[in-house]
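Next come the chains, spelled out residue by residue.
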Amino acid sequence: MFSKGIKKKLSSLGLKSGDKLIVTSDVLKLLIFLKRNKIKYSLDNLIDDLIEIVGKKGNVIFPTFNWDFCKGKSFNYETSKSMTGALSNVALKRNDFIRSKNPIYSFAVWGKDKNKICKMEHKSCFSMSSPFGYLIKNKAKNLCIGMNYRDGFTFVHVAEEQIGVNYRYIKRYKGTIINKNKKKSAAYKMYVRDLSLNLETKIHKKLDNELKKQKKLIKKIFYGINFSVIDVNVAYKIMIKDLKKNKKIVYTKKVKAST
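Description of the structure in this document. (Residues numbered from 1 in each chain as written. Predicted model: local features only at pLDDT ≥ 70, side-chain atom pairs only at ≥ 80, totals over all residues. Heavy atoms only, no water.)

Brief notes about the pairing of strand β7 (residues 168-179)
Thought 1: Pairing of strand β3 (residues 75-76) with β7, which is carried by 2 bridges, proceeds in the parallel orientation. The residue bridging asparagine 76 from the neighbouring strand is isoleucine 178, located in β7.
Thought 2: Sheet topology note: the β7/strand β8 (residues 182-193) ladder contains 12 bridges and is antiparallel. Within β8, the residue paired with lysine 174 across the bridge is alanine 187.
Thought 3: Taking the residues between adjacent antiparallel strands as the criterion, β7 and β8 are bridged by 2 residues, where lysine 180 takes a positive phi near 55 degrees. (Pairing = 2+ DSSP bridges. Helix = DSSP H or I, 4+ residues; strand = E, 2+ residues; numbered from the N terminus.)

A word on the sheet that holds strand β10 (residues 217-222)
Thought 1: Read across the open sheet, the 7 strands follow the order β4-β5-β2-β1-β6-β11-β10; overall the sheet is mixed. Every interior strand has two partners, whereas the edge strands, β4 (98-99) and β10, have only one.
Thought 2: Pairing between β4 and strand β5 (residues 107-111): 2 bridges, direction antiparallel. Paired with isoleucine 98 across the two strands is valine 109, which belongs to β5.

A word on the packing of helix α1 (residues 2-11) against helix α3 (residues 43-54)
Thought 1: Orientation of α1 relative to α3, taken along the N-to-C sense of each, is 50 degrees, at an axis distance of 10 Å. When the interaxial angle is binned, α1 and α3 end up oblique. Between α1 and α3 lies a crossing whose hand is right-handed. Mapping the contact onto sequence places Ser3, Ile6, Lys7, Leu10 and Ser11 in α1 and Leu46, Asp49, Leu50, Glu52 and Ile53 in α3. (Axes fitted to C-alpha atoms, helices over the stretch in contact; angles between N-to-C directions. Parallel < 35°, antiparallel > 145°, perpendicular 65-115°, else oblique. Left-handed = near helix turned anticlockwise from the far one by under 90°. Contact = heavy atoms within 4.5 Å.)

See below:
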């Protein structure tokens, strides 16, 4: 049975009961594999398997980020889609997940602390009082499916805000949020890039080496698809230390100026 097999493989990545688990993914290759091999296994099944692995004392969390609020559009907790992948949108449709408060960087959350996480009052997207901070403080694990974890490790922006880098600044956004047909005005702030500098944040593969030294990164390939698990707390501490001193792991790269 495919479900039994994938649960065994996920457990081999160090996932276990009680884990605080955030999942980032690009599931296209997985969906192609399932279709090609005529395997009846859905993204809902995958979420069910992750829930079974972490159990009632754990949490399963998906980023459900949506940047429309930054463009002046209303944010609806029930209908605004996630812009961070198919798996997160499946989670949003489930009755056992609830969505956290921030209209820009929200999360779909299941498990023991879902109410605590989703009630967090935080006006700054990357503050330590946000779900990002919760995941760092509670030594969460980041499961990445079908992608390099460094391409979607948003915790780097939490580290940048805590240090106060010279290529980002606090920008405030105002708009309308809708929850259960009730509208209200809201203001949030985000540590954004200074676009005039034409720089973007990058994470060097040296982070892999640092994590491996501490046995906090596991990478495997299942069904021809990359899977990895990272210790969020340890990765965050490494990035903080690097930003204070070397800037060899977290660095900036020039991008083409927009026209």
